[in-house]
Amino acid sequence: LETDDLGSTAPSMWAVDMPRGRRPSPLVLATLGVLAGVAAMALGLVERSLEMSLEYAKTRVQFDQPIGSYQLIQLKLAKMEVARLNLENLVFRYIETQAAGQQLTLAEASAMKLYAAQAAMDVTIEAVQIFGGAGYMRATRVEQLMRDAKILQIYAGTDEMQVVAIAKDLLGRA
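Computed from a predicted structure; not experimentally measured.

Rules used throughout
- Residues numbered from 1 in each chain as written.
- Predicted model: local features only at pLDDT ≥ 70, side-chain atom pairs only at ≥ 80, totals over all residues.
- Heavy atoms only, no water.
- Phe/Tyr/Trp six-rings, centres within 6.5 Å; stacked < 30°, edge-to-face > 60°.
- Helix = DSSP H or I, 4+ residues; strand = E, 2+ residues; numbered from the N terminus.
- Buried < 20%, exposed > 50% of the residue type's maximum accessible area, 1.4 Å probe, protein only.
- Expected span 1.5 Å × (residues − 1).
- Arc of directions from axis to C-beta.
- Axes fitted to C-alpha atoms, helices over the stretch in contact; angles between N-to-C directions.
- Parallel < 35°, antiparallel > 145°, perpendicular 65-115°, else oblique.
- Left-handed = near helix turned anticlockwise from the far one by under 90°.
- Contact = heavy atoms within 4.5 Å.
- Nonpolar A, V, L, I, M, F, W, Y, C, P; charged D, E, K, R; others polar.
- Salt bridge = Lys/Arg side-chain N within 4 Å of Asp/Glu carboxyl O.

Participant: Explanation requested: the packing of aromatic side chains in the structure shown.
Facilitator: To describe a pair of aromatic rings, one takes the distance between the centres and the angle between the planes. Tallied over the full model, the rule gives one aromatic pair. With a centroid separation of 4.1 Å and an interplanar angle of 20 degrees, the aromatic rings of tyrosine 56 and phenylalanine 131 are classed as stacked. Taken as a pair, tyrosine 56 in helix H1 (residues 26-59) and phenylalanine 131 in helix H3 (residues 106-131) lie far apart in primary sequence, 75 residues in all. Residue class for tyrosine 56 comes out buried when judged on its relative accessible area of 18%. A relative accessible area of 8% means that phenylalanine 131 is categorised as buried.

What follows is the structure, given as structure tokens:
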């Protein structure tokens, strides 16, 4: 099953186990089909934001020191790396699950999308902060990454919709 979404073709869908033999709606299937793609896009945004932030922190000098020597900037960079590793693990887990012929539950897929979108937004906001006023300008590219991250919180179901999907799936299994 493939769907058109904003002029693009969503990836193929996978089966979802629904309680009491109910069939998932086409909307649920369409949403599930792009969740892994959203996580992969988020990983790319986070990786690029971290690369750019590291380079800027090494080369931007303030008060006769690279800004990367300041603990607050180091904390931001460390948190970006933690988010990158978490996203990488989520994406690899999805790949390994699919390769083993297994499926994610609705709660797992929605949680992956929710975390990925939030992490991408958090990291790109921090990248803009590291760049300071320059981060707000189009010339630095980090502002574009932040805008790209924001759409991930909306595309394929808003963060709020993911929370509802997670809770319904969990409660339906209890």
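Participant: Explanation requested: helix H5 (residues 159-173) in the structure shown.
Facilitator: The periodicity of an α-helix, 3.6 residues per turn, causes residues three or four positions apart to be oriented the same way. If you check H5, its first and last C-alpha atoms are 22 Å apart, about what 15 residues at 1.5 Å a residue would give, namely 21 Å. Buried residues of H5: Asp159, Gln162, Ala165, Ile166 and Asp169, and no others. Along the axis of H5, the buried residues cluster in a sector spanning 115 degrees; they form a single face. Of the residues in H5, the exposed ones pointing more than 90 degrees away from the buried face are Glu160, Lys168 and Leu171.

Participant: Sorry if this is basic, but what is going on with the environment of asparagine 89 here?
Facilitator: Within the secondary structure, asparagine 89 is located in helix H2 (residues 71-99). Distance in space between the C-alpha atoms of asparagine 89 and leucine 43 is 10.0 Å, their sequence separation being 46 residues.

Participant: I tried to follow the packing of H3 against helix H4 (residues 142-152) on my own but got confused; where do I start?
Facilitator: Each pair of packed helices can be summarised by the angle the axes make with each other and by the distance between the axes. Where H3 meets H4, the closest approach of the two axes is 8 Å, and the angle between their N-to-C directions is 160 degrees. Compared by their axis directions, H3 and H4 come out roughly antiparallel. As H3 packs across H4, the resulting crossing turns out to be left-handed. The segment H3 lies against H4, with Lys113, Ala117, Ala120, Met121, Thr124, Ile125, Ala127, Val128 and Phe131 engaging Val142, Glu143, Leu145, Met146, Ala149, Lys150 and Leu152. Looking at the contact of H3 with H4, its residues break down into twelve nonpolar, one polar and three charged.

Participant: Would you mind going over unusual backbone geometry with me for this structure?
Facilitator: Across residues other than glycine, the phi torsion is negative in most instances, and most of the peptide bonds are trans. In this model, phenylalanine 63 sits at a positive phi of 55 degrees, which is unusual for a non-glycine residue. Of note, the phi angle at aspartate 64 is positive, near 65 degrees, even though the residue is not glycine. Its place among the elements puts aspartate 64 in the loop between strand S3 (61-62) and strand S4 (65-66). For aspartate 64, a relative accessible area of 78% translates into the label exposed.

Participant: Explain the pattern of salt bridges here, please?
Facilitator: For side chains of opposite charge, pairing can occur when their charged atoms come near one another. Taken as a whole and assessed by the stated rule, the structure comprises seven salt bridges. We note a salt bridge from glutamate 81 to arginine 84, for which the minimum N-O separation is 2.8 Å. Of this pair, glutamate 81 and arginine 84 both sit in helix H2, three residues apart, roughly one helical turn. For glutamate 81, a relative accessible area of 28% translates into the label partly exposed. In this structure arginine 84 comes out as buried when scored by relative accessible area, which is 15%. One salt bridge in this structure joins glutamate 108 and arginine 93, with 3.0 Å as the shortest N-O distance. You can see glutamate 108 sitting in helix H3 and its partner arginine 93 sitting in helix H2, a full 15 residues away along the chain. The class of arginine 93 is partly exposed, set by a relative accessible area of 40%. Connected via shared salt-bridge partners are Glu81, Arg84 and Glu88.

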